[in-house]
Amino acid sequence: MDDDLAMLQEVAKVAIAHRAETLDAERTLVADYHTMLAAFARPTPERGAEGRAVIDELARLATPGIRATTGRRFFGWVIGGSDPTGVAADWLTSIWGQNAGNLVAAPAASAVEAVAAGWLLDLLRLPPTASIGFVTGATVANLVCLAAARGEVLRRVGWDVEADGLFGAPPAHVLIGADAHATVFTGLKCLGLGARRVTVVETDEVGRMRPAAFERALRTAPAGPTIAIAQAGQINTGASDPFAVLAPIAAAAGAWLHVDGAFGLWAQACPAFADQTAGVEAADSWAVDGHKWLQTPYDCGYAIVRDAEAHRRAMSITASYLPPAEGAERDPSAYVLELSRRARGFPTWAMIRRLGREGIAALIERSCRLAARVAAAIAAEPGAALVAPLALNQFMIRFGADAGDAAGDRLTLAVIRAVQDEAVAFVGGAEWRGRWVMRVSVTSAATTEAAADETADAMVRAWRRVRAAGV
Ligand SMILES: Cc1ncc(COP(=O)(O)O)c(C=O)c1O
């Protein structure tokens, strides 16, 4: 046991050293998957080993393949910084080993979830009586919300999908924007709603559903149970659907309106950018992540449903050996897919307590201002162009903007590679309207003004190199 405790102390030192090194490092080139596979590949161990030796070996083998996603100059995908306070709360979560599945097994974890759920609704300015499930991330949050939606719209026409399944059920109709996130389709596939059965609603140049197209799609949809899926924060442009216009249209048609707000819903918590999500509180359900803008470590997301009863009908688990929640008690397993799971309320509580309402608003605002600063610096360079107007924290740049489609694709991909190779900052690419772009996401609390400027310089430098080489 003493050895185990000493190991925990030792691993804390290794962890702290890693954080210190990676804060400013996008400088070390990261070993790729195949190198890592070769490093880890061994026959199944026949005999055990000392815990300390195992952890030393894990750290030694993995370190070359750990990307500096917690560093100041990481701008790939939409990745939060895993703030040290959230990480410390997550360490305690692991140390405590609580199973957040029920009130008796995990009283503190259950209570913290109940309190953090109230804080989240307050910060995101959503109905205070809505229910929240603490899930792995927005992918599963979307699925959980859509399960509640499916159950409720079918219940309204007299069908109990939770009891009787989908075979023989009245068909449910789904509308979704043309620029929805790929992960929403996972939910549709799992729930028997079908990824191909949806009606795709036309979007504008930043990926927002066009209200006239939305209204037309609802009007011409087959009468009956309907779910409309909107989004706060398009992955490439950061733009949100015009909820203030869409929500009344959906309500008038009797459709359930779900919002995928993985990162963009946090605009609600920031007065300077709350106009982006105006009217979103009128929806029926919302998916949002903690591990993006709230900076909790992975994995942490929230499935939020206005009609808590519909949420519970879709998710509740009962068994004689599971203590039921009584009265006003919140059963932590009634809102998620899993029974046994990690106590995600702890890092959520810790990050909200750490930042407070003001700190969260300041963080969102700072991320968006830094995104604008980097975007302006790159777009000032001849041949580089911002692809769509900036809405929030995500933006796209195309290089060789006047070089023609195919040449522009080649140049843009070459710049992304050159930035990654120089390893001052990390950034990735995406296809937008059929053409390659460099996509930048400013989501980490670790990013400073200086880091943003160094990143812009690195991107301009990469573009000049590529242009001079005439790729
Ligand atoms: C708009 C949107 N929806 C859903 C997701 C999926 O979220 P997660 O990876 O946390 O499951 C993302 C991820 O970036 C996203 O940007």
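Our subject is the structure that appears above.
The structure presented is a predicted model; accordingly, all values stated were derived computationally and were not measured.

Reading guide: rules and limits
As a convention, each chain's residues are numbered from 1 in the sequence order in which they are written. In keeping with the predicted nature of the model, local features appear solely for residues at pLDDT of at least 70, side-chain atom pairs appear and are counted solely at 80 or more, and the whole-chain, interface and lining totals rest on all residues. Water and hydrogen atoms play no part in the side-chain values, which are based on all heavy atoms of the structure. Nearness here has a simple test: a residue counts as near a molecule or strand if at least one of its heavy atoms is within 4 Å of that partner. Here a polar contact means two N or O atoms within 3.5 Å. Within protein one must be a hydrogen donor candidate and the other an acceptor candidate, and residues neighboring in sequence count only if both atoms are side-chain atoms. A 1.4 Å probe and the Shrake-Rupley method give the accessible areas. Residues count as covered only by the protein chains that appear here. Definition used in this section: a nonpolar core is a set of buried Ala, Val, Leu, Ile, Met, Phe, Trp, Tyr and Cys residues joined via side-chain atoms within 4.5 Å. Only protein chains enter the accessibility calculation, which uses a 1.4 Å probe. A residue is then buried if its area is under 20% of the maximum for its type, exposed if over 50%, and partly exposed in between. Whether two residues are in contact is decided by their heavy atoms, any of which lying within 4.5 Å being enough. Working convention: axes come from line fits to C-alpha atoms, limited for helices to the stretch in contact. Angles between N-to-C directions cover 0 to 180 degrees. Secondary structure elements follow DSSP: runs of H or I no shorter than four residues count as helices, runs of E no shorter than two count as strands, and numbering proceeds from the N terminus. Orientation is classified from the angle alone, with under 35 degrees giving roughly parallel, over 145 giving roughly antiparallel, 65 to 115 giving roughly perpendicular, and any other angle giving oblique. Each residue receives one of three labels: charged for Asp, Glu, Lys and Arg, nonpolar for Ala, Val, Leu, Ile, Met, Phe, Trp, Tyr, Cys and Pro, and polar for the others, Gly being one of them. Multiplying one less than the number of residues by 1.5 Å gives the expected span of a helix. It is the directions from the helix axis to the C-beta atoms that the arc portrays. Following DSSP output, two strands are said to pair if at least two bridges run between them. Any two of the Phe, Tyr and Trp rings considered here, Trp counted by its six-membered ring, make a pair once their centres fall within 6.5 Å; the pair's planes then place it as stacked at under 30 degrees, edge-to-face at over 60, or tilted in between.

(A) Representation of the site of the ligand in the model. Lining the immediate surroundings of the ligand are 14 residues, of which T139, D260, D289, H291 and K292 lie closest. In the model, an oxygen atom of the ligand is placed 2.7 Å from a nitrogen or oxygen of the D289 side chain. Between the ligand and H291 there is a distance of 2.7 Å, counted from an oxygen atom to a side-chain nitrogen or oxygen. Relative to its unbound accessible surface of 390 Å², the ligand loses 86% to contact with the protein.

(B) Representation of the nonpolar core within the structure. Formed by 52 residues in total, the largest nonpolar core has its most connected members in I132, F214, V259, W266, W286, Y302 and I304. If we ignore the near neighbours within four places in the chain, the residues touching W266 are L120, L124, V288, D289, W293, L294, I360 and I364.

(C) How the structure looks around the packing of helix α6 (residues 138–155) against helix α11 (residues 308–315). With their axes 8 Å apart at the nearest point, α6 and α11 run at an angle of 105° to one another. Taken together, α6 and α11 sit at an angle that is classed as roughly perpendicular. Across the interface between the two elements, V144, A147, A148, E152 and R155 from α6 touch A310, H311, R313, A314 and M315 from α11. A per-class count over the contact of α6 with α11 returns 6 nonpolar, 1 polar and 3 charged.

(D) Just helix α4 (residues 84–96), in detail. Helix length check: α4, at 13 residues, gives a terminal C-alpha distance of 18 Å against a target of 18 Å (1.5 Å per residue), a fit within 8%. All of the buried residues along α4 are G86, V87, A89, D90 and T93. The arc enclosing the buried residues of α4, seen along the axis, measures out at 160°, which places them on a common side. Exposed positions of α4 whose direction lies more than 90 degrees from the buried face are P84 and I95. Where α4 is buried, its residues touch α1 (2–23) and α12 (345–379). Two residues or fewer after α4 comes G97, characterised by a positive phi angle close to 60°.

(E) View of the sheet that holds strand β1 (residues 131–135). Within the open sheet, the 7 strands sit side by side as β1-β7-β6-β5-β4-β2-β3. Their pairing is mixed. Edge strands, defined here as strands with exactly one partner in the open sheet, are β1 and β3 (199–201). With strand direction ignored, the average angle separating the axes of adjacent strands in the sheet is 20°. Sheet topology places strand β2 (residues 173–177) next to strand β4 (residues 226–231); 4 bridges connect them, and they run parallel. For L175, the partnering residue across the bridge sits in β4 and is A228. This element, α6, spans β1, β4, β5 (256–260), β6 (285–289) and β7 (301–305) of the sheet and lies at about 180° to β5.

(F) Molecular detail of the sheet that holds strand β8 (residues 384–386). Spatially, β8-β9-β11-β10 is the arrangement adopted by the 4 strands of the open sheet, whose pairing is antiparallel. Each edge of the open sheet is held by one strand with a lone partner, namely β8 and β10 (428–432). Ignoring strand direction, the axes of neighbouring strands in this sheet form an average angle of 40°. Judged from the 3 bridges that link them, β8 and strand β9 (residues 394–399) form a sheet pairing that is antiparallel. In the sheet register, A385 faces β9, and the bridge partner there is R398. On top of the sheet, α12 reaches β8, β9 and β11 (435–441); it is set at about 10° to β9, its chief contact. The strands touched by helix α13 (residues 405–422) are β9, β10 and β11; relative to β11, the strand with the most contacts, the crossing angle is about 35°.

(G) Structural context of the packing of aromatic side chains. According to the stated counting rule, one finds 8 aromatic pairs in the structure shown. Measuring from centroid to centroid gives 5.0 Å for W96 and F346, while their planes differ by 65°, and the two rings are edge-to-face. Taken together, the residues span a long stretch of sequence, with W96 in helix α4 and F346 in helix α12 at a distance of 250 residues. What makes F346 buried here is its relative accessible area of 11%. Taking the centre distance of 5.4 Å and the plane angle of 45° together, the rings of F399 and W463 count as tilted. With a gap of 64 residues between them, F399 in strand β9 and W463 in helix α14 (residues 449–469) connect regions that are remote in the sequence. In this structure, F399 and W463 share a single accessibility class: buried. Taken together, F74, W77 and F426 form an aromatic cluster joined through their ring pairs.

Shape descriptors only; they carry no functional weight alone.
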